[in-house]
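The residues making up each chain are set out below.
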Amino acid sequence: MKVLKGNIVHTPEFGRLETFENHYLVEQEGKVVAIEKELSEKYKDAEVIDYGDKLIIPSFVDIHLHAPQFGNIGLGMDLPLLPWLKKYTFPEEAKYEDKAYAKKMYEVLANDLYRFGSLRSCVFSSLHAEATIELMSIFDKAGLSAYIGKVNMDRNSTEEYVEESPEQSINDTLTVLDAYQNMSDRIKPILSPRFIPTCSDELMKKVGELAKERDLAIQTHLNENRDEIEWVKELAPESTGYLNAYDRHGSLVPNKTILAHSIYNLDEELDIMADQKLFVGHCPSSNINLMSGVAKVKQMVKRGIPVGLGSDIAAGDSLSMFDNIKDAIKASKLLSIYAGDESDIVTFDEAFFLATRGGGAFFGNTGAFVAEASFDALIIDDSTYRMNELTLPERLEMLIYRGDDRNIVDRYLEGNRLETPNF
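These lines cover the structure that appears in this document, whether it is placed above or below. In this text the structure is predicted, and so the values were computed from the model without any measurement.

## Topic: the overall build of the protein chain
The helix and strand inventory of the protein chain stands at 13 helices and 16 strands. For 423 residues, the compact-globule estimate of 2.2 N^0.38 gives 22 Å, and the C-alpha radius of gyration of the protein chain, at 21 Å, lies within 12% of that figure. The principal-axis extents of the C-alpha atoms in the protein chain amount to approximately 65 × 50 × 35 Å. Taking as baseline every contact in the protein chain between residues at least 6 positions apart, the subset at least 24 positions apart corresponds to 75%. Put simply, the protein chain shows about 16,400 Å² of open surface, and 46% of that area lies on carbon and sulfur atoms. Charged side chains in the protein chain number 45 positive and 70 negative. The centres of these two groups are separated by 2 Å.

Below you can see the structure in the form of structure tokens.
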């Protein structure tokens, strides 16, 4: 058991910011026990770590990123999605056949996620089994928590970066799934069919069967780009829409599926997403950079669809959730300007929720300091730029707009204080 003392700020619900000035945050066995103004007698023997005037906030959750695109951040931002994939992304991901290259890049990625306070993430690897296992091992050594999946793709790629058959894709996936037995329970498996254009009907069917057989989560992409959507119509003419192209193969798992982007959703698709609690990975930076559009986040949340925030590197240009929170707010304002509807504007409190509790829900009870939640926290020293007396909500907002990873002085995951990764 341990107790952290400081200024506690979190969003237990979408848009509801709670603050506790100079309070105690109690941890036991990796879980949040209580927030108290005066420490109860029953906790008198607990270790108390007094952080003084510092902020204590939940650690960040990045619900959608592509690990083998890490080296390409900032390249190709003048292209839309499909040309960008062919010119920059597939050639870069093909390099991860070289395990040494993968190890070098993934170690830097894990260090950066630690540095930025994104202690949980949902990650696409490349289509290479050995490199994916290396990624899992590196994240495990760094003390991070992640869903990590080997990409499945057997068509419509470059000659050097495509799987030979659905059978090979699934066999390599099974090799990766076996390797999870050697990892801690912080590292979790997730099936990762890239998207309908690169996955044959046979492969999608096999992915759906594997998900059902082993009760696995799935991550993929949905309704990101108008050209992509038209392509899906050509490739799956018997489907009633993009979501149905997945659903008819059994590759949507209620409560355990992430659909990245989800910008141009049909009304009937939104009904299914709400009914099955399919998670949306909202990636505002990526969607602007590739000229895809802006997702109507608040409309999805109002319909009961769970939404988290994703960096989506390398289409997104920053792993930092400081940047992605700001991008979510700015993108929603642009959407409201052009749509003439201010109800689409995402407030600061709402965007902070998406980066913590929203994405954290995919991992279970995480992302807020509620009873029995995983004790995941960042300790923030904002004295470096704070000039005036501010309320705790004002300090949190200024942190996101003016601060950066250098303001994070300690990181806790499941009650354990993390050390800087040492590879």
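## Section: the sheet that holds strand 4 (residues 47-58)
Strand order in the open sheet formed by seven strands is 3-2-1-4-14-15-16, and the pairing between neighbours is mixed. The open sheet has two edge strands, strand 3 (31-36) and strand 16 (416-417), and neither has a second partner. Examined bridge by bridge, strand 4 and strand 14 (residues 377-380) share four bridges and lie antiparallel to one another. Bridge assignment links Pro58 to a residue of strand 14, and that residue is Ala377.

## Quick look at the environment of Asn255
For Asn255, the location among the structural elements is in the loop between helix 7 (242-247) and strand 11 (257-261). With relative accessibility at 48%, the residue Asn255 sits in the partly exposed group. For the pair Asn255 and Asp275, spaced 20 residues apart in sequence, the C-alpha separation works out to 9.6 Å. In contact with Asn255, not counting residues within four places along its chain, are Gln276, Lys277, Phe279 and Phe362.

## Some words on the pattern of salt bridges
Scanning the entire structure with this criterion turns up 29 salt bridges. Put simply, Lys95 and Glu92 hold a salt bridge, and the shortest N to O gap is 2.9 Å. Among the residues examined, Lys95 registers a relative accessible area of 43% and is labelled partly exposed. A relative accessible area of 4% means that Glu92 is categorised as buried. Here Arg386 ties to Asp382 by a salt bridge, and the two come within 3.1 Å at their closest N and O atoms. On the basis of relative accessibility, which here comes to 2%, the residue Asp382 falls in the buried class. Through salt bridges with shared partners, a single ionic network connects Asp53, Asp382, Arg386 and Arg395.

## Concerning the side chain of Arg386
Its place among the elements puts Arg386 in the loop between strand 14 and helix 13 (392-402). Separated by 3.1 Å, the side chains of Arg386 and Asp53 make a polar contact. Not counting residues up to four positions away in its chain, the partners in contact with Arg386 are Asp53 and Arg395.

## Describing the environment of Leu25
Tracing the backbone through its elements, the reader meets Leu25 in strand 2 (residues 16-28). It is 29 Å that separates the C-alpha atoms of Leu25 and Ile329, two residues lying 304 residues apart in sequence. With sequence-adjacent residues up to four places away left out, Leu25 is seen in contact with Lys2, Val3, Leu4, Ile8, Val32, Ala34, Ile35, Ile56, Phe369 and Phe375.

## Overview of a nonpolar patch on the surface
Taken together, the side chains of Ile288, Leu334, Ile337 and Tyr338 define a hydrophobic patch exposed on the protein surface, amounting to about 470 Å² of accessible area. Here the nonpolar patch takes three residues from helix 11 (residues 321-339), the largest share from any one element. In this fold, Leu334 is placed in helix 11. Since its relative accessible area comes to 42%, Leu334 is described here as partly exposed.

## Quick look at the packing of helix 2 (residues 99-116) against helix 3 (residues 129-142)
Remark: helix 2 packs on helix 3, axes separated minimally by 9 Å, with the N-to-C direction vectors making an angle of 35 degrees. The element helix 2 and its partner helix 3 pack so that their crossing is right-handed. Mapping the contact onto sequence places Lys99, Ala102, Lys103, Tyr106, Glu107, Leu109, Ala110 and Leu113 in helix 2 and Glu130, Ala131, Glu134, Leu135, Ile138, Phe139 and Ala142 in helix 3.

## Notes on the nonpolar core
Core analysis: the biggest nonpolar cluster contains 110 residues, and Ile57, Phe60, Leu109, Phe139, Ile148, Met273 and Ile325 have the highest contact counts within it. Sort the elements by how many residues they give to this core and helix 2 lands first, with nine residues. Among residues more than four places away in sequence, those in contact with Ile325 are Phe60, Leu309, Phe348, Ala351, Phe352, Ala355 and Ile400. Judged by nonpolar contacts, the second largest core, of 13 residues, contains Leu4, Ile8, Phe369 and Ala377.

## Description of unusual backbone geometry
Cis peptide bonds are those with omega within 30 degrees of zero, and the linkage from Ile313 to Ala314 qualifies with 10 degrees. Here Ala314 shows up in the loop between strand 13 (307-309) and helix 11. For Lys277, which is not glycine, the phi dihedral falls at a positive 50 degrees. Position of Lys277 relative to the elements: it lies in the loop between helix 8 (267-276) and strand 12 (279-282). For Lys277, a relative accessible area of 34% gives the class partly exposed. Although it is not a glycine, Met291 sits at a positive phi angle of roughly 60 degrees. By the secondary structure assignment, Met291 is in the loop between helix 9 (284-289) and helix 10 (297-302). Judged by relative accessible area, Met291 falls into the exposed class, the value being 53%.

Rules used throughout
- Residues numbered from 1 in each chain as written.
- Predicted model: local features only at pLDDT ≥ 70, side-chain atom pairs only at ≥ 80, totals over all residues.
- Heavy atoms only, no water.
- Helix = DSSP H or I, 4+ residues; strand = E, 2+ residues; numbered from the N terminus.
- Rg over C-alpha atoms; globule rule 2.2 N^0.38 Å.
- Contact = heavy atoms within 4.5 Å.
- Areas by Shrake-Rupley, 256 points an atom, 1.4 Å probe, with all protein chains shown as cover.
- Lys, Arg positive; Asp, Glu negative; His and termini not counted.
- Charge placed at Lys NZ, Arg CZ, Asp CG, Glu CD.
- Pairing = 2+ DSSP bridges.
- Buried < 20%, exposed > 50% of the residue type's maximum accessible area, 1.4 Å probe, protein only.
- Salt bridge = Lys/Arg side-chain N within 4 Å of Asp/Glu carboxyl O.
- Polar contact = N/O pair within 3.5 Å; in protein donor to acceptor, adjacent residues only side chain to side chain.
- Patch = residues over 30% accessible without salt bridge, like charges linked within 9 Å, V, L, I, M, F, W, Y side chains within 5 Å.
- Axes fitted to C-alpha atoms, helices over the stretch in contact; angles between N-to-C directions.
- Left-handed = near helix turned anticlockwise from the far one by under 90°.
- Core = buried A, V, L, I, M, F, W, Y, C linked by side-chain atoms within 4.5 Å.

Spatial relationships are all this shows, so hold off on functional conclusions.
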